Structure formats: structure tokens, C-alpha cells
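A look at the structure
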Amino acid sequence: SRPSLEEPSTVFVEVSNNGRDFTSSKTVFTYEEIAPAGYYQPGVTSRSLLRCPKGSFCVGGKTNFTLCFPGTYQPLKGQADCLRAPIGYHAPEFGMPVPRICPSGFVCDETGTERVTKPCPEGHICGPGTATAATTCGGETSNYGALLPYGRSLVFGRRSS
């Protein structure tokens, strides 16, 4: 369920220049609760909270959401941070809700990859999602579903003959 903001609170404010002599005007100051993490509050006078959309994050207390930076993604709404692109994937753009699989002919062997720049090692074949430049793996695959979205397997480059 969506959290709600409490009604504004009011306090009396008196000002002092020396810490002893205060004004007696009893100026009224009204303050409001800030939006919690995962939500933003559009406009200063708005009482409504909006959940951050996919591909973004909200640290709380803001009037807008922030798009995930390149190298990160966020598949869920209402989150306070973004996730680093996992090994075998890259996130080249701002605001990505899911990372892209590493393209054929390249290796994505680090988390948080923004741009795919590491070519497949010479003499090897690297299919989509190649996750390591190691040349001693042969044609093996290793399932690290907890590290990768959607239960995908890591793909290792194979030596071409």
C-alpha cells in the first residue's frame, strides 16, 4: 500500500542574533513530512506521493525521481537505488528497466558495464551473453541464476577450430 503524508505541523519561531534576546513576534512556521525513499512528491504543495517508475530511483524527500545511470538498471517500481548490470549484460542508457545481454563477439565480464568494448579473445567464439574472457573454460557454461536476471546462465567463450 502507498504510504501517506501526515498533515502539516506548525511551530512558533522566534529569532535571536545573540542567543539571549529573542523576537516576540511568534512567527508561525509550517513544515511538512518529506516523501519516503522509493517515492517522490511532485510540487511543493502537493500532498500526493508517487512511486518511482521502473528504470529510476528515489532517495526520499524529493519532488521528482532520478533515472538510473548508465551501467545500472531497476526492474521494479518504488526503489531507493539502482542495480549494477550483472556479468554478461550491459546497461548503455539512462533509465533502463532491464539490462541488455552482451552482444555476440564481445565479452561483458564486469558488473556495471556501460559500453561493450571488450572484443572476444582471438581464436574464440563469443555468443550473446559471454561473461568471461578466460580462454581455459572450453565450451562450458555455469549457472549463476542468483547473479543474473531471469535465471539466465553465464556463457563462456569457446575456442574456434
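Residues numbered from 1 in each chain as written. Predicted model: local features only at pLDDT ≥ 70, side-chain atom pairs only at ≥ 80, totals over all residues. Heavy atoms only, no water.

It is worth spelling out the overall build of the protein at this point. In terms of regular secondary structure, the protein is built from zero helices and 15 strands. A buried classification covers 30% of the 161 residues belonging to the protein. Long-range pairs, those at least 24 residues apart, make up 38% of the contacts in the protein with a sequence separation of at least 6. On the protein, roughly 10,100 Å² of surface is accessible, and the fraction owed to carbon and sulfur atoms is 53%. (Helix = DSSP H or I, 4+ residues; strand = E, 2+ residues; numbered from the N terminus. Buried < 20%, exposed > 50% of the residue type's maximum accessible area, 1.4 Å probe, protein only. Contact = heavy atoms within 4.5 Å. Areas by Shrake-Rupley, 256 points an atom, 1.4 Å probe, with all protein chains shown as cover.)

Side chains of Val11, Val13, Val15 and Phe29 sit close together on the surface and give an oily, nonpolar patch of about 310 Å² of accessible area. Turning to its location among the elements, valine 11 is positioned in strand E1 (residues 9-13). Judged by relative accessible area, valine 11 falls into the partly exposed class, the value being 33%. (Patch = residues over 30% accessible without salt bridge, like charges linked within 9 Å, V, L, I, M, F, W, Y side chains within 5 Å. Salt bridge = Lys/Arg side-chain N within 4 Å of Asp/Glu carboxyl O.)

Let's shift gears to the packing of aromatic side chains. Applying the stated criterion across every chain yields a total of three aromatic pairs. Ring geometry for tyrosine 40 versus phenylalanine 65: centroids 5.4 Å apart, planes at 65 degrees, classification edge-to-face. Remark: phenylalanine 65 occurs in the loop between strand E5 (56-57) and strand E6 (66-67) and tyrosine 40 occurs in strand E3 (residues 39-40); sequence separation between them is 25 residues. For tyrosine 40, a relative accessible area of 11% gives the class buried. On the basis of an interplanar angle of 50 degrees and a centroid distance of 6.3 Å, the ring pair of phenylalanine 57 and phenylalanine 69 is categorised as tilted. (Phe/Tyr/Trp six-rings, centres within 6.5 Å; stacked < 30°, edge-to-face > 60°.)

With that out of the way, let us pick up the side chain of threonine 130. Tracing the backbone through its elements, the reader meets threonine 130 in strand E12 (residues 130-132). Among the polar contacts listed, one links the side chain of threonine 130 to the backbone oxygen of glycine 127, at a separation of 2.6 Å. (Polar contact = N/O pair within 3.5 Å; in protein donor to acceptor, adjacent residues only side chain to side chain.)

Okay, the pattern of salt bridges next. Summed over all chains, the structure comprises three salt bridges. Ionic pairing is found between arginine 100 and glutamate 93, a salt bridge with its closest N-O pair at 2.7 Å.

In this section: the environment of arginine 84. Note that arginine 84 resides in strand E8 (residues 83-84). Excluding residues within four positions of it along the chain, arginine 84 makes contact with Gly71, Thr72, Tyr73, Thr111 and Gly112.

With that settled, consider the environment of serine 24. Its place among the elements puts serine 24 in the loop between E1 and strand E2 (27-31). Taking the C-alpha atoms as reference points, serine 24 and glutamate 14, ten residues apart in sequence, are found 6.5 Å from one another.

Moving on, we get to the confidence of the model for the protein. With 72% of its residues at a pLDDT of 70 or more, the protein shows a mean pLDDT of 79. Looking across the protein, the model is least confident in strand E13 (residues 141-142), with a mean pLDDT of 42, and most confident in strand E7 (residues 72-73), with 98. Note that pLDDT drops below 50 for residues 137-152; the model gives that stretch 30 contacts with residues more than four away or on any other chain. (pLDDT = per-residue confidence, 0-100.)

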